[in-house]
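The residues making up each chain are set out below.
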Amino acid sequence: MTRRVLITRPQAEAEALAAELTSRGHEAVIAPMLVIRSAGIQLRDAARYQAAAVTSGNGVDGLASATARRALPVFAVGEATAERALALGFDPVTSAQGTGGALVDLIRTTLHPANGPILWAS
């Protein structure tokens, strides 16, 4: 049975998802609700952070454009986000396996506040 599916993700992500859904016999309607743009921020003091937390692939892209420091440990919400961070050269990268709560727990049990702040890239 063909279903019509509304996709509200940003354009590039919506197109990839639409192609997948179409290949499975569904009708995809793309209507992005967000436009992702870089804020143009440059982290000149990235070394002050003990790690970065990312909750989306777009956050990883923003982090990559804000700093050349790839040795910054990255804690990603899920596997796809972790793979994107690895592909952009970040190392080490740890995945929380897909939920915000799991990401919080992972950071809480792995990092210590005395070692510096955590950068949240979104």
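All values derive from a computational prediction rather than experimental measurement.

Definitions and limits used
Residues numbered from 1 in each chain as written. Predicted model: local features only at pLDDT ≥ 70, side-chain atom pairs only at ≥ 80, totals over all residues. Heavy atoms only, no water. Helix = DSSP H or I, 4+ residues; strand = E, 2+ residues; numbered from the N terminus. Buried < 20%, exposed > 50% of the residue type's maximum accessible area, 1.4 Å probe, protein only. Contact = heavy atoms within 4.5 Å. Lys, Arg positive; Asp, Glu negative; His and termini not counted. Charge placed at Lys NZ, Arg CZ, Asp CG, Glu CD. pLDDT = per-residue confidence, 0-100. Salt bridge = Lys/Arg side-chain N within 4 Å of Asp/Glu carboxyl O. Core = buried A, V, L, I, M, F, W, Y, C linked by side-chain atoms within 4.5 Å. 1 Å grid on protein atoms, 1.4 Å probe; cavity = no way out; pocket = protein on both sides within 12 Å on 5 of 7 lines; lining within 4 Å. Points joined across faces, edges and corners; volume = space filled by probe spheres on them. Nonpolar A, V, L, I, M, F, W, Y, C, P; charged D, E, K, R; others polar. Pairing = 2+ DSSP bridges. Axes fitted to C-alpha atoms, helices over the stretch in contact; angles between N-to-C directions.

Engineer: Provide a residue-level description of the overall build of the protein, including the pertinent values.
Structural biologist: Helix and strand counts for the protein stand at 4 helices and 6 strands. From first element to last, N terminus to C terminus, the protein shows the α and β order β-α-β-β-α-β-α-β-α-β. Oriented by its inertia axes, the alpha-carbon framework of the protein measures out at about 55 × 30 × 20 Å. Across the 122 residues in the protein, those meeting the buried criterion constitute 33%. For the protein, the share of sequence-separated contacts (at least 6 apart) that also reach a separation of at least 24 residues comes to 44%. Of the side-chain charges in the protein, 11 are positive and 10 negative, and the distance between the mean point of each set is 6 Å.

Engineer: So, the confidence of the model for the protein: which residues are in play, and what are the values?
Structural biologist: Per-residue confidence for the protein averages 94 on the pLDDT scale, and 100% of its residues sit at or above 70. Highest mean pLDDT in the protein belongs to strand S4 (residues 74–76) (98); lowest belongs to helix H1 (residues 11–23) (93).

Engineer: Break down the pattern of salt bridges for me, citing the residues and quoting the values.
Structural biologist: When the charged atoms of two side chains with opposite charge come close together, those side chains can pair. Under the criterion given, the structure shown has 6 salt bridges. In this structure, Arg 84 engages Asp 61 in a salt bridge whose closest nitrogen and oxygen atoms are separated by 2.4 Å. A residue pair is termed long-range when its members are at least 10 positions apart, and Arg 84 in helix H3 (residues 79–87) and Asp 61 in helix H2 (residues 57–66) qualify at 23 residues. Note on Asp 61: relative accessible area 31%, which makes it partly exposed.

Engineer: Pulling in residues and values, what's your account of the nonpolar core?
Structural biologist: The nonpolar side chains of a soluble globular protein tend to be buried with one another. Leu 43, Val 54, Leu 63, Val 74 and Phe 90 are the most contacted members of the largest nonpolar core, which has 18 residues in total. Where this core is concerned, the elements lending two or more residues are strand S3 (51–54), H2, S4, H3 and strand S6 (118–121). No other element matches H2, which puts 4 residues into this core. Once residues within four sequence positions are removed from consideration, Leu 43 is found in contact with Tyr 49, Leu 63, Ala 66, Thr 67 and Leu 119.

Engineer: Tell me about the layout of surface pockets, and please be specific about residues and values.
Structural biologist: Here the largest pocket is characterised by a volume of approximately 380 Å³. For the lining of the largest pocket, the secondary-structure elements that each account for two or more residues are H2 and S6. Among the elements that take part in the lining of the largest pocket, H2 stands out by supplying 7 residues, more than any other. Residue composition of the lining of the largest pocket, grouped by class: 9 nonpolar, 7 polar and 2 charged. Volume-wise, the second largest pocket comes out at about 150 Å³. Lining the second largest pocket are Arg 9, Glu 13, Thr 55, Ser 56, Gly 57, Ala 80, Thr 81 and Arg 84. Examining the composition of the lining of the second largest pocket, we find that 3 residues originate from one element, H3, more than from any other.

Engineer: I'd love a proper account of the sheet that holds S4, names of residues and values included.
Structural biologist: The strand order S5-S4-S3-S6 describes an open sheet built from 4 strands, whose pairing is parallel. Each edge of the open sheet carries a strand with a single partner, namely strand S5 (93–95) and S6. Averaged over neighbouring strand pairs, the angle between their axes works out to 25° when direction is ignored. Relative to S6, S3 runs parallel, the two being bridged by 4 bridges. Counted as the bridge partner of Val 54 is Ala 121 from S6. The strands that H2 touches are S3, S4 and S6; relative to S3, the one it contacts most, it runs at about 145°. Of the strands in this sheet, S3, S4, S5 and S6 are in contact with helix H4 (residues 100–110), which crosses S4 at around 150°.

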